[in-house]
Amino acid sequence: MSKLEEFRAETRAWLEENCPPAMREPVRSFEDLYMGGRNPEIAHPEQKVWCDRMAARGWTVPHWPREYGGGGLDKEECKVLQQEMARINARRPLDSFGISMLGPALLQFGNEEQKLEHLPPICRGEIRWCQGYSEPNAGSDLASLQTRAEDQGDHYIINGQKVWTSYADKADWIFCLVRTDNSGSKHEGISFVLFDMDSPGVSTRPIRLISGSSPFCETFFDNVKADKRNLVGEEGKGWTIAKYLLTHEREMISGFGAAPKKSLGEAALETLGADASGRLGNGILRHTIAQYQLDALAFAATMSRVGDEAKAGQGLGAASSIFKYYGTELNKRRNELNIAIGGEAALGWEGEAYNGGVTSRDWLRSKGNSIEGGTSEVQLNIIAKRVLGLPD
Amino acid sequence: MALVLTEEQVMLKESAAGLLAEKAGVAQLRALRDADDELGFSRDVWQEVVAMGWPGIAVAEAYGGLGYGYTGLGLVLEQAGRHLSPTPLQASVLVGATAINELGSEAQKQALLPALAAGEVLVSLALQEGAQHAPEQTALTAVADGDGYTLTGNKILVLDALAADHFVVIARTAGSAGDSEGLTAFLVPAEAKGLTVERRSMVDSRGVGALRFDGLRLDADAVMGEPGQAWAGLSRTLDIANIGLASELLGLATEAFELTVAYLKERKQFGKLIGSFQGLQHRAAELFAELELARSIVLQALQAIDADDPELPKLASAAKAKLCEVAQRATNEGIQMHGGIGMTDEYDIGLFIKRARVAQHCFGDYNYHLDRFARLSGF
């Protein structure tokens, strides 16, 4: 037996024994995800059991180094773990901005002390992070941010306001872009600092969205003290880290464009019925769905191609620049078609008759996909200037 | 299969780009057009293409080819699209040889495929009869006549008809127009008695013709495969032909786009380079995104041919529909963004839009293939 096969056998046995039955049920909605933190939201008691067991092996973040709380697995082993989890429908034990956003930034830009302090609690699901980026006057033009950090020797005093802070009301710590210098261009003088959301002077207010949910907050800083040892990278060079993280965020959001299991055309046929030739009766709707499915197929092929090119050592091609823009636009198209196909049923807001309004709420939420993490228009600017080299 | 080109494939692509740009580019197309050349391509240039071995790329080694697969041929066709290269690569190498391979008997394959792979013989498919691609509507009749058949009827849009040595003719031996059953493929020599080849002139200035069959008499050994059973082989031939044309359109659309972006960087109006205007930048960026999708779906479809993927029909229609859409948009935007100069014959962009629409139309356009894609997707 090869080493990898041994690893597979051990993993399979361990998962069989340790994955609680409830954690083998499919994730029905966002509420089923476990985000950890000091006061974790627990939809099912076994979520925490599952997370703790996986964290003890470093398998909440299997590809991070062991000294930082990860599993230290190589690519092949990660794949095996993923396959074995999929085999028993095991849920991901932990989802968090710490894993998807801050962790990669710290691994790239943080010093050893910061990595040792912050990464292990992320892996164990003990600290939940939020991201302080956008401000009321710095949305697409993020570099215009004005939240001030005054140098007080061994710490900063922070004043200002953030907006669209995801789950700020539930987060324990924040990674935050602040202005430490106003003298240069707007991209200079931005710093990347970490501080505790329990610090005196931090307050949050959830924002109710058109979809009825409140995943985002306004976040206020009134003379908040942040230790300088939690400055990541050099003072004034935070924009580099911000850009690095935005790329990560865009990749995450563009994944929303992936095609669902049952095709939209088949779903429409089930809901609306077929004509005598077995086709969807309304030719206009059929055309719109066919266009969507064709583009979804070609987009999926593009994601595969870019991945395969990177694996073959050809680097990350220019095609990756379209992911955020195209993926989110596709997702909006799919949601519009869900509304068109579902009709009255899709427009329901509450109650069992409408399955809690999941179709209409998803549709409304999808409108934000092409705004958050860089609007479609900003993405097109980036393609035009950086990829096509068009002039300013 | 990984959606990525191997080193060998990248080399093939580069050598194709080199030869076609130098010997069979837009300048040659203009020269042939302006000389009203009957064939629409140069036999001398064709010999250079033959010397590169490209006619045998997709032909199996058992029949004297390189057995390198359609993915390789697709890369050559993409370059032919970039340079608007006038050669029989589409008519004979892509469609003709595939028709022989998919429809022919063992004896017919042995007789023709080695010569096709060596570029010594040209074969063209005679299928379309009306203004639209509708293979099951074939009405040209082949009536059993003693130990042979008599063919009567007309064919149009026969690519490189004046240069072809043989035609694969799709005829009806049973049933009526609209039936996919009852179609038979015949191998017809160009010099057969009762066959008239008429030269036609289309917007892309490429070699094309119409065929008239006046009671043309064929022996039974001209039948390809089983009489009345041509549909399956014809469908697969058309799937491959459409993926090949999608490859050509990918090269064509990419080149038209790059010409246009280059123009945006040099043309000044209102005291600024027009490429600095956001109204044009966003349109260019959107088109770039569509071209990336187009590249992916073409590669996936080419690999599906070589892998004998059961999804081939759906992927063929997906690739052709997407490339019709993208090539149409790239050439339309190309003219609009060039402005008045894009309307002149002197600028090349007009040659791209003309070839694009003919390649889009051949073997089914956007409407045909998006409808077929929906049908094959189960709705």
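Residues numbered from 1 in each chain as written. Chains lettered and ligands numbered in written order. Predicted model: local features only at pLDDT ≥ 70, side-chain atom pairs only at ≥ 80, totals over all residues. Heavy atoms only, no water.

## Section: the interface of chain A and chain B
Note the threshold: Pairs of residues are marked as contacts when any of their non-hydrogen atoms sit within 4.5 Å. In this description, buried area is defined as the sum, over both parts, of the accessible area (probe of 1.4 Å) that is lost when the two are combined. By salt bridge we mean one thing: a side-chain nitrogen of Lys or Arg within 4 Å of a carboxyl oxygen of Asp or Glu. Strands are runs of DSSP state E lasting at least 2 residues, helices are runs of H or I lasting at least 4, and numbering of each runs from the N terminus.
Listed per partner, the contact involves 43 residues of chain A and 42 residues of chain B. Of the roughly 3,400 Å² buried between chain A and chain B on both sides combined, carbon and sulfur atoms contribute 67%. In terms of surface lost to chain B, no three residues of chain A exceed Leu 294, Arg 305 and Leu 388 of chain A, which account for 18% of the buried area on that side. Residues Arg 279 of chain A and Asp 371 of chain B are paired through a salt bridge, measuring 3.4 Å at the closest nitrogen-oxygen approach. For the side of chain A that touches chain B, the elements supplying multiple residues, two or more each, are helix 7 (264-272), helix 8 (283-311), helix 9 (323-342) and helix 11 (376-387) of chain A. Of the residues forming the side of chain A that touches chain B, the biggest block, 17 residues, is contributed by helix 8 of chain A.

## Points about the packing of helix 8 of chain A against helix 9 (residues 312-338) of chain B
Two measures define how a pair of helices packs: the angle their axes make with one another and the distance between the axes. Threshold: In this analysis, axes come from line fits to C-alpha atoms, helices being fitted only over the stretch in contact, and the angle between any two N-to-C directions falls in the range 0 to 180 degrees. Every angle not falling under 35 degrees, over 145, or within 65 to 115 is termed oblique; those three ranges are roughly parallel, roughly antiparallel and roughly perpendicular. Polarity classes work like this: nonpolar for Ala, Val, Leu, Ile, Met, Phe, Trp, Tyr, Cys and Pro, charged for Asp, Glu, Lys and Arg, and polar for all others, with Gly in that last group.
At a closest axis distance of 10 Å, the pairing of helix 8 of chain A and helix 9 of chain B adopts a crossing angle of 100 degrees. Put simply, helix 8 of chain A runs roughly perpendicular to helix 9 of chain B. Contacts from Leu 294, Asp 295 and Leu 297 of chain A in helix 8 of chain A reach Leu 315, Ala 318, Ala 321, Lys 322 and Glu 325 of chain B in helix 9 of chain B. For the contact of helix 8 of chain A with helix 9 of chain B, the residue count by class is five nonpolar, no polar and three charged.

## A closer look at the domain arrangement of chain A
Residue and element names in this part refer to chain A. The test is simple: Segmentation into domains, and thus their bounds, comes from an automatic or database assignment. Counting of polar contacts relies on pairs of N or O atoms within 3.5 Å, with two restrictions inside protein: one atom must be capable of donating a hydrogen and the other of accepting it, and residues adjacent in sequence are counted only when both atoms are side-chain atoms.
Assigned domains within chain A: domain 1 (3-95), domain 2 (129-236) and domain 3 (258-387). With six residues of domain 2 at the contact, the number on the domain 3 side is seven residues. Where domain 2 abuts domain 3, roughly 560 Å² becomes buried across the two surfaces, and 64% of that area is made up of carbon and sulfur atoms. Among the residues domain 2 hides against domain 3, the three largest losses belong to Ser 140, Ile 210 and Ser 211. Together they make up 71% of the total. The tally of links between domain 2 and domain 3 comes to zero salt bridges. Applying the counting rule to domain 2 against domain 3 returns one residue pair in polar contact (both at pLDDT 80 or more).

## Points about the nonpolar core
Rules: What we call a nonpolar core is a set of buried Ala, Val, Leu, Ile, Met, Phe, Trp, Tyr and Cys residues that are connected through their side-chain atoms within 4.5 Å. Burial classification: accessible surface area is computed with a 1.4 Å probe over protein chains only, and a residue below 20% of its type maximum counts as buried, one above 50% as exposed, and the rest as partly exposed.
Counting 138 residues, the largest nonpolar core has Ile 289 of chain A together with Trp 54, Ile 100, Val 168, Ile 170 and Phe 363 of chain B as its most contacted members. Those residues in contact with Ile 100 of chain B that sit more than four places away from it in its chain are Gln 108, Lys 109, Leu 112, Leu 113, Leu 116, Val 123, Val 168, Leu 187 and Met 224 of chain B. With 35 residues, the next largest nonpolar core counts Ala 138, Phe 175, Leu 194 and Ala 242 of chain A among its residues.

## Points about unusual backbone geometry
Residues and elements named next belong to chain B. Unlike most non-glycine residues, Leu 157 shows phi in positive territory, near 50 degrees. Secondary-structure assignment places Leu 157 in strand 3 (residues 148-159). Among the residues examined, Leu 157 registers a relative accessible area of 15% and is labelled buried.

## Structural notes on the pairing of strand 3 (residues 155-166) of chain A
Residue and element names in this part refer to chain A. We count it as follows: Any two strands with at least two DSSP-identified bridges between them are counted as paired.
Of all twelve residues making up strand 3, nine are buried, and the element is well covered by its neighbours. Across four bridges, the pairing between strand 2 (residues 148-151) and strand 3 is antiparallel. The partner of Glu 150 across the bridge, within strand 3, is Ile 157. Taking the residues that link successive antiparallel strands as the turn, the strand 2-strand 3 hairpin has three residues, and the phi of Gly 153 there is positive, at about 85 degrees. Where strand 3 meets strand 7 (residues 216-227), ten bridges bridge the pair, whose relative direction is antiparallel. Note on strand 7: the bridge partner recorded for Gly 160 is Phe 221.

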